[in-house]
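Residue strings, one per chain:
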2 protein chains.
Amino acid sequence: MDYCAVREDYVGRLEKRLTSLVKDKDYPPFIYDSMAYSLLSKGKRLRPILLLAACEAAIAGAPEDGMPPGLMESFKLACATDFACAIEMIHTYSLIHDDLPILDNDDLRRGRPTNHKVYGEAMALLAGDALLNMAYEVMVEACTKYRYQSCVNAMTEVARAAGINGMIGGQVMDVYTQGKEIDEETLHYIHTNKTAALIIASVAAGAIIGGADEADLRKFKRAALNMGLAFQIMDDILDVTGKEEDLGKPIGSDAKNAKNTYVSLFGLERAKSDYFHLWDKCIAQFEDLQAHLLVSFAQELRDRVS
Amino acid sequence: MDYCAVREDYVGRLEKRLTSLVKDKDYPPFIYDSMAYSLLSKGKRLRPILLLAACEAAIAGAPEDGMPPGLMESFKLACATDFACAIEMIHTYSLIHDDLPILDNDDLRRGRPTNHKVYGEAMALLAGDALLNMAYEVMVEACTKYRYQSCVNAMTEVARAAGINGMIGGQVMDVYTQGKEIDEETLHYIHTNKTAALIIASVAAGAIIGGADEADLRKFKRAALNMGLAFQIMDDILDVTGKEEDLGKPIGSDAKNAKNTYVSLFGLERAKSDYFHLWDKCIAQFEDLQAHLLVSFAQELRDRVS
């Protein structure tokens, strides 16, 4: 299969499982609708694709473990699919809460009204809480279903990355520094935690489930850090130069919220040059791991902004 | 040790561990203060006490497993203490989010201003998210630290109880039915999920970590359901007959928010009689399990409202 077919297969696998988790459940009323509205809207599915691709790369590079190859692979991929759902739930909850009037107060997301615009703020708050919790329900169930120590290790990566020393820490600093002048180190902290942490955890969880050893796991994480930082710079650039109809959300939202961005701190030229430099490093690192799908995916993402 | 000394020991053990998890951390700024403000405020610590007491009862009733008794017991109690912290984090996050203006809009909790009154709504929202996530960080770390399949089983109970088919489901229905007339079945759903689910999970997690078998686990859960329902009826009664200075929160909050309560549906007399009936069943069930601490604790709670 070529890269596009594989990516489509991953997204299909993910959305089928996500749908089974939140769709056509009618009690309690509204909350499943609110969760499904955001979770099943057409996003890029960046993190799940990364997780599944890292899992396959690690399977290909992993030492034999005695199981017949086909069985081992499908077992690990089924487990990785559950984790991909969990990661997408965590990402989605963070968007729903971020968009609330008490945080960014955004009205548009993925080309549609934000969750609270449709379901009200109370339901959006609870839908976010429910998605975060459901992510862990799905992961802990996978730990029991697959009885596989790697599941616990993968969940450890995800839980740390989603928390106060990861994504939430970055969000806190993002809120706290609004309208304040900050230094490069603080911006790096925000980007590393708010955006890169969950991207690193996606790649790490996939690699762990796939069976990567410690040395390879460190390489996967380094490549994912560069990708995560590049990805956030892309977001900052597109918030200035993009078009609302392409992005599905308003342009200039960062300036409206007086946010510090890579562009506001370093200017557009430096942002673009650092952006390509980070992708170069990321792609070389994935090439070194012979993670061909991740290389293709990184190249596709990189070219989005050029 | 007598009952009061044991309870004090549990609370001391819990608060020491909670303090080490959230106190004296200075980055990112404010968020740890906001988390600690609610987490370390003087609550009843109902759920952690239940968890630890259920663990000890299960240890006493569990078959020998080959480890020296003292070692086995301290190993299980250390693990149970981590789970008790996680449960208290989940309970606390739910209170912080509940108190927000977009939900109940309460200004007072445990005799102090609510979290968002002190730290602002944005930080309160994120502190709640961080506490929910940290609960899972602590539990998954315990799974690795104690390498004990029971940890995964206990986490499964907690995750389900905290989610859409448990506490959040109850909160959703609580919000959804405000100002509407509801039937007994719906009120039962709300109470079972909003309040009892996490109480059942506390007892179940403790019993599982302590080594209870399937049959005993079912008995522990049945007793905890009766306790959870009684506990919610007590809350409903006290919201009418209590004093603000005793409760540390405003009286009449349910009526203000047009909430359906046991008292609004059945009247004060029936509420009180059902209340004592539920405690009788609960206490008899804990007696049957020879769970002496849980019996004493249940008796103490019961007498709070009489």
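1. Notes on the overall build of chain A
Alright, step 1. Looking only at helices and strands, chain A has 14 helices and two strands in total.
Alright, step 2. On C-alpha atoms alone, chain A measures out to a radius of gyration of 19 Å, which is about the 19 Å that the 2.2 N^0.38 rule sets for 306 residues.
Alright, step 3. Seen through its principal axes, chain A has C-alpha atoms that stretch 55 × 50 × 35 Å.
Alright, step 4. Within chain A, the proportion of its 306 residues that are buried is 58%.
Alright, step 5. Considering only contacts in chain A between residues 6 or more positions apart, those separated by 24 or more positions represent 73%.
Alright, step 6. Total accessible area on chain A is roughly 11900 Å²; 50% of this is exposed by carbon and sulfur atoms.
Alright, step 7. Of the side-chain charges in chain A, 33 are positive and 45 negative, and the distance between the mean point of each set is 2 Å.

2. Section: the packing of aromatic side chains
Alright, step 1. Counted according to the given criterion, the structure contains 15 aromatic pairs over all chains.
Alright, step 2. Relative to Tyr146(B), the ring of Phe75(B) lies with its centre 5.3 Å away and its plane at 85 degrees, an arrangement referred to as edge-to-face. Here the residue Phe75(B) occupies a position in helix α4 (residues 69-99), and Tyr146(B) occupies one in helix α6 (residues 121-146), the gap between them amounting to 71 residues.
Alright, step 3. In this structure Phe75(B) comes out as partly exposed when scored by relative accessible area, which is 22%.
Alright, step 4. You can call Tyr146(B) buried: its relative accessible area is 13%.
Alright, step 5. Among the aromatic residues, those joined into a cluster by ring pairs are Tyr275(A), Phe276(A) and Trp279(A).

3. Side note on the relation of the copies chain B and chain A
Alright, step 1. The transformation that overlays chain B on chain A combines an axial shift of 0.0 Å with a rotation of 180 degrees, and the residual RMSD is 0.0 Å. Both copies are brought into coincidence by an operation consistent with a two-fold rotation axis.
Alright, step 2. Residue by residue, 100% of the interface of chain B is reproduced at the interface of chain A, so both copies engage with the same surface.

4. Side note on the pattern of salt bridges
Alright, step 1. Under the definition given, this model contains 35 salt bridges over all chains.
Alright, step 2. Here Lys259(A) ties to Asp174(A) by a salt bridge, and the two come within 2.8 Å at their closest N and O atoms. Of this pair, Lys259(A) sits in the loop between α12 (253-256) and α13 (262-288) while Asp174(A) sits in helix α8 (residues 167-176); the two residues are 85 residues apart in sequence, bridging distant segments of the chain.
Alright, step 3. Of the charged contacts, one joins Glu15(B) and Arg45(B) as a salt bridge, the two residues approaching to 3.0 Å between their closest N and O atoms. Taken as a pair, Glu15(B) in helix α1 (residues 3-22) and Arg45(B) in the loop between α2 (31-39) and α3 (46-61) lie far apart in primary sequence, 30 residues in all.
Alright, step 4. Taking relative accessible area as the criterion, Arg45(B) reaches 2% and is therefore assigned buried.
Alright, step 5. Each of Glu15(A), Lys42(A), Arg45(A), Glu88(A) and Arg110(A) takes part in one network of salt bridges that share partners.

5. Focus: the state of the cysteines
Alright, step 1. Tallied over the entire structure, the rule returns zero disulfides over all chains.
Alright, step 2. Cys79(A) provides the cysteine sulfur closest to Cys85(A), a residue in no disulfide bond, and the two sulfurs are 11 Å apart.
Alright, step 3. Looking at Cys4(B), it has no disulfide partner, and the nearest cysteine sulfur is the one in Cys282(B), 18 Å off.

6. Description of the nonpolar core
Alright, step 1. With 227 residues, the main nonpolar core has Phe83(A), Phe83(B) and Phe220(B) as its most contacted residues.
Alright, step 2. Setting aside residues no more than four positions away along its own chain, Phe83(A) makes contact with Leu51(A), Met139(A), Ala142(A), Cys151(A), Ala154(A), Met155(A), Val158(A) and Ile209(A).

7. Side note on the interface of chain B and chain A
Alright, step 1. Listed per partner, the contact involves 48 residues of chain B and 48 residues of chain A.
Alright, step 2. When chain B packs against chain A, close to 4300 Å² is buried across both sides, 72% of that on carbon and sulfur atoms.
Alright, step 3. Our count for the chain B to chain A interface comes out at zero salt bridges.
Alright, step 4. Where chain B packs against chain A, one counts six residue pairs in polar contact (both at pLDDT 80 or more).
Alright, step 5. When contributions to the side of chain B that touches chain A are tallied by element, the ones reaching two or more residues are α2, α4, α6, α7 (149-162), α8 (167-176) and α9 (184-210) of chain B.
Alright, step 6. Its residues assigned to classes, the side of chain B that touches chain A shows 32 nonpolar, eleven polar and five charged.

8. Section: the confidence of the model for chain A
Alright, step 1. With 97% of its residues at a pLDDT of 70 or more, chain A shows a mean pLDDT of 92.
Alright, step 2. The least confident element of chain A is helix α11 (residues 244-247) of chain A, whose mean pLDDT is 73; the most confident is helix α5 (residues 115-119) of chain A, at 97.

9. A closer look at the packing of helix α3 (residues 46-61) of chain A against helix α9 (residues 184-210) of chain A
All names here are of chain A.
Alright, step 1. Viewed as axis vectors pointing N to C, α3 and α9 meet at an angle of 30 degrees, and their least axial separation amounts to 7 Å. By the criterion of interaxial angle, the relationship of α3 to α9 is roughly parallel. Pair α3 / α9 crosses with right-handed handedness. Across the interface between the two elements, Leu46, Arg47, Leu50, Leu51, Ala54, Cys55, Ala58 and Ile59 from α3 touch Leu198, Ile199, Ser202, Val203, Ala205, Gly206, Ala207, Ile209 and Gly210 from α9.
Alright, step 2. Class assignment for the residues of the contact of α3 with α9 results in 13 nonpolar, three polar and one charged.

10. A word on unusual backbone geometry
Alright, step 1. Of note, the phi angle at Gln290(A) is positive, near 55 degrees, even though the residue is not glycine.
Alright, step 2. If you trace the backbone, Gln290(A) turns up in the loop between α13 and α14 (292-302).
Alright, step 3. Not every positive phi belongs to a glycine, and Phe30(B) is a case in point at roughly 70 degrees.
Alright, step 4. On the basis of relative accessible area, Phe30(B) is assigned to the partly exposed category, the value being 40%.

11. So, the packing of α3(B) against helix α10 (residues 214-241) of chain B
Residue and element names in this part refer to chain B.
Alright, step 1. At a minimum axis distance of 13 Å, the contact between α3 and α10 shows a crossing angle of 160 degrees. Accordingly, the angle class assigned to the pair α3 and α10 is roughly antiparallel. Two packed elements cross with a definite hand, and for α3 against α10 that hand is right-handed. Contacts between α3 and α10 involve Leu46, Arg47, Leu50, Ala54, Ala57 and Ala58 from the former and Phe220, Met227 and Phe231 from the latter.

Cut-offs and rules
- Residues numbered from 1 in each chain as written.
- Chains lettered and ligands numbered in written order.
- Predicted model: local features only at pLDDT ≥ 70, side-chain atom pairs only at ≥ 80, totals over all residues.
- Heavy atoms only, no water.
- Helix = DSSP H or I, 4+ residues; strand = E, 2+ residues; numbered from the N terminus.
- Rg over C-alpha atoms; globule rule 2.2 N^0.38 Å.
- Buried < 20%, exposed > 50% of the residue type's maximum accessible area, 1.4 Å probe, protein only.
- Contact = heavy atoms within 4.5 Å.
- Areas by Shrake-Rupley, 256 points an atom, 1.4 Å probe, with all protein chains shown as cover.
- Lys, Arg positive; Asp, Glu negative; His and termini not counted.
- Charge placed at Lys NZ, Arg CZ, Asp CG, Glu CD.
- Phe/Tyr/Trp six-rings, centres within 6.5 Å; stacked < 30°, edge-to-face > 60°.
- Least-squares fit on C-alpha atoms with pLDDT ≥ 70 in both.
- Salt bridge = Lys/Arg side-chain N within 4 Å of Asp/Glu carboxyl O.
- Disulfide = S-S within 2.5 Å.
- Core = buried A, V, L, I, M, F, W, Y, C linked by side-chain atoms within 4.5 Å.
- Buried area = accessible area lost by both parts, 1.4 Å probe.
- Polar contact = N/O pair within 3.5 Å; in protein donor to acceptor, adjacent residues only side chain to side chain.
- Nonpolar A, V, L, I, M, F, W, Y, C, P; charged D, E, K, R; others polar.
- pLDDT = per-residue confidence, 0-100.
- Axes fitted to C-alpha atoms, helices over the stretch in contact; angles between N-to-C directions.
- Parallel < 35°, antiparallel > 145°, perpendicular 65-115°, else oblique.
- Left-handed = near helix turned anticlockwise from the far one by under 90°.

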